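# Examination of the molecular architecture
The lines below spell out each chain.
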Amino acid sequence: MTHPVAGGKTREGKGNCSDCALRQTLICSDVSRGDLATFHSWVDDLAFPPGTVLYHMEAPADGFYCLRSGTVKLVRYSMSGVARIVRILKGGDVAGLEAAFADTFAHTAVAVGEVRACRIPLSRFRHMMRDNPPLQRRLLEKSQQALAEVETWLAELAGGIGAAPARQRLARLLLSLRDGRSDRIHRFSIEDLGGMLGISMETASRILSDLTRQGFLEKCGSGRAERHFRADIAALEKIAVGEAVPA
């Protein structure tokens, strides 16, 4: 039986870290089986409907979220209130990892489609981490991975002087939103795509329309939880590196 909790999320019960299919990729991968009994006793297994805010930028950091499935966008707001999507998280990633080192969250995290995540309370995690070198090492590895992904995001997708053309950057973005090695790509709104790349909605819409007309993208599904593209991955990979692709 599930129990509604604040913010539209649903508590599915306690986490079962021992049987988690993503255990080897998540932050608890180096926790011994003996310690897992304690670890998962205070981890909540949560389900988030599309559009749910997991946490707000600058809110007190009291835990973080290991994503088991679904997609989360991290949004930062400028002093003038302009929103910019700075990173996309998928299964195996950790949302709010900065909570291990800071007092507040650095972003607003929003569920895109249905999301399943395990929430790890910060106070409990810090207590376990003090006496667990493998967990400390894993935290550093995850932090380094997050930093590398941010650097890639800036190098591959950001606009500005010397940046790749918008069509090329949009192809790179679509590939980064790919579901594993399938041809399925989550379909973000035109506003979100423009915000991620720093281009106008008109430009994002025009490029998507061209890719769809050329047969490289096909719109599928309905509703925020099911919207996605079926993509010609080979064609997008060529566009992403600047090669011409015949329609």
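In the block above lies the structure referred to throughout.
Notes on the structure in this doc start here. Quantities reported herein were computed from a predicted structural model and do not represent experimental measurements.

A separate point is the sheet that holds strand 9 (residues 184–186). Strand pairing in a sheet is mediated by backbone hydrogen bonds. Such pairs are either parallel or antiparallel. Ordered by their spatial adjacency, three strands build an open sheet running 9-11-10, and the pairing between neighbours is antiparallel. Only two strands of the sheet have a single partner each, and these edge strands are strand 9 and strand 10 (217–220). Neighbouring strand axes in the sheet, compared pairwise and without regard to direction, differ in orientation by 35° on average.

Most of strand 3 (residues 44–48) is tucked away, with five of its five residues classed as buried. The alternating pattern of strand 3 places Asp 44, Leu 46 and Phe 48 on one face and Asp 45 and Ala 47 on the opposite face, and all of these are buried.

Across the interface, helix 2 (residues 122–130) lies against helix 3 (residues 133–157) with an axial gap of 7 Å and an inter-helix angle of 120°. The orientation of helix 2 relative to helix 3 falls into the category oblique. Residues Phe 125, Met 128, Met 129 and Arg 130 of helix 2 form the contact with helix 3, whose participating residues are Leu 135, Gln 136 and Leu 139.

The next point concerns unusual backbone geometry. Despite not being glycine, Glu 58 has its phi angle at roughly 70°, a positive value. Mapped onto the secondary structure, Glu 58 falls in the loop between strand 4 (53–55) and strand 5 (63–77).

A few words now on the packing of aromatic side chains. By the definition in use, this model includes three aromatic pairs. Relative to Tyr 65, the ring of Phe 48 has its centre 6.0 Å away and its plane inclined at 75°; by these criteria the two rings are edge-to-face. A residue pair is termed long-range when its members are at least 10 positions apart, and Phe 48 in strand 3 and Tyr 65 in strand 5 qualify at 17 residues. One exposure class covers both Phe 48 and Tyr 65, and it is buried. Ring geometry for Tyr 55 versus Tyr 65: centroids 6.0 Å apart, planes at 20°, classification stacked.

Once that is clear, we can look at empty space enclosed by the protein. Take a probe with the size of a water molecule and roll it over the atoms, and the empty space left behind shows itself. If you walk through the whole model with that rule in mind, you get one cavity of 30 Å³ or more. In this model, the largest cavity occupies a volume close to 50 Å³. Surrounding the largest cavity, Arg 87, Asp 93, Val 94, Leu 97, Lys 142, Gln 145 and Ala 146 form its lining. The element contributing the most residues to the lining of the largest cavity is helix 3, with three residues. When its residues are assigned to classes, the lining of the largest cavity shows three nonpolar, one polar and three charged.

In the sheet, strand 5 pairs with strand 8 (residues 108–121) via eleven bridges, with the strands oriented antiparallel. Along strand 8, the bridge assignment pairs Tyr 65 with Arg 119. Taken together, the two bridges between strand 5 and strand 7 (residues 94–95) define a ladder with antiparallel strand orientation. Bridged to Tyr 65 within strand 7 is Ala 95. The turn joining strand 5 and strand 6 (residues 83–89), which pair antiparallel and follow one another in sequence, is formed by five residues; a positive phi near 90° is taken by Gly 81.

To continue, consider the pattern of salt bridges. Where charged atoms from two side chains of opposite charge approach closely, those side chains can pair. What the rule picks out here adds up to six salt bridges. Close ionic contact of Asp 183 with Arg 230 constitutes a salt bridge, the shortest N to O distance being 2.8 Å. Of the two residues, Asp 183 is situated in the loop between helix 4 (166–176) and strand 9 and Arg 230 in strand 11 (residues 228–231); the sequence distance between them amounts to 47 residues. Given the relative accessible area of 32%, Asp 183 is considered partly exposed. Three or more residues are tied together by salt bridges with common partners; here these are Asp 45, Arg 68 and Arg 116.

How each quantity is defined
Residues numbered from 1 in each chain as written. Predicted model: local features only at pLDDT ≥ 70, side-chain atom pairs only at ≥ 80, totals over all residues. Heavy atoms only, no water. Pairing = 2+ DSSP bridges. Helix = DSSP H or I, 4+ residues; strand = E, 2+ residues; numbered from the N terminus. Axes fitted to C-alpha atoms, helices over the stretch in contact; angles between N-to-C directions. Buried < 20%, exposed > 50% of the residue type's maximum accessible area, 1.4 Å probe, protein only. Parallel < 35°, antiparallel > 145°, perpendicular 65-115°, else oblique. Contact = heavy atoms within 4.5 Å. Phe/Tyr/Trp six-rings, centres within 6.5 Å; stacked < 30°, edge-to-face > 60°. 1 Å grid on protein atoms, 1.4 Å probe; cavity = no way out; pocket = protein on both sides within 12 Å on 5 of 7 lines; lining within 4 Å. Points joined across faces, edges and corners; volume = space filled by probe spheres on them. Nonpolar A, V, L, I, M, F, W, Y, C, P; charged D, E, K, R; others polar. Salt bridge = Lys/Arg side-chain N within 4 Å of Asp/Glu carboxyl O.

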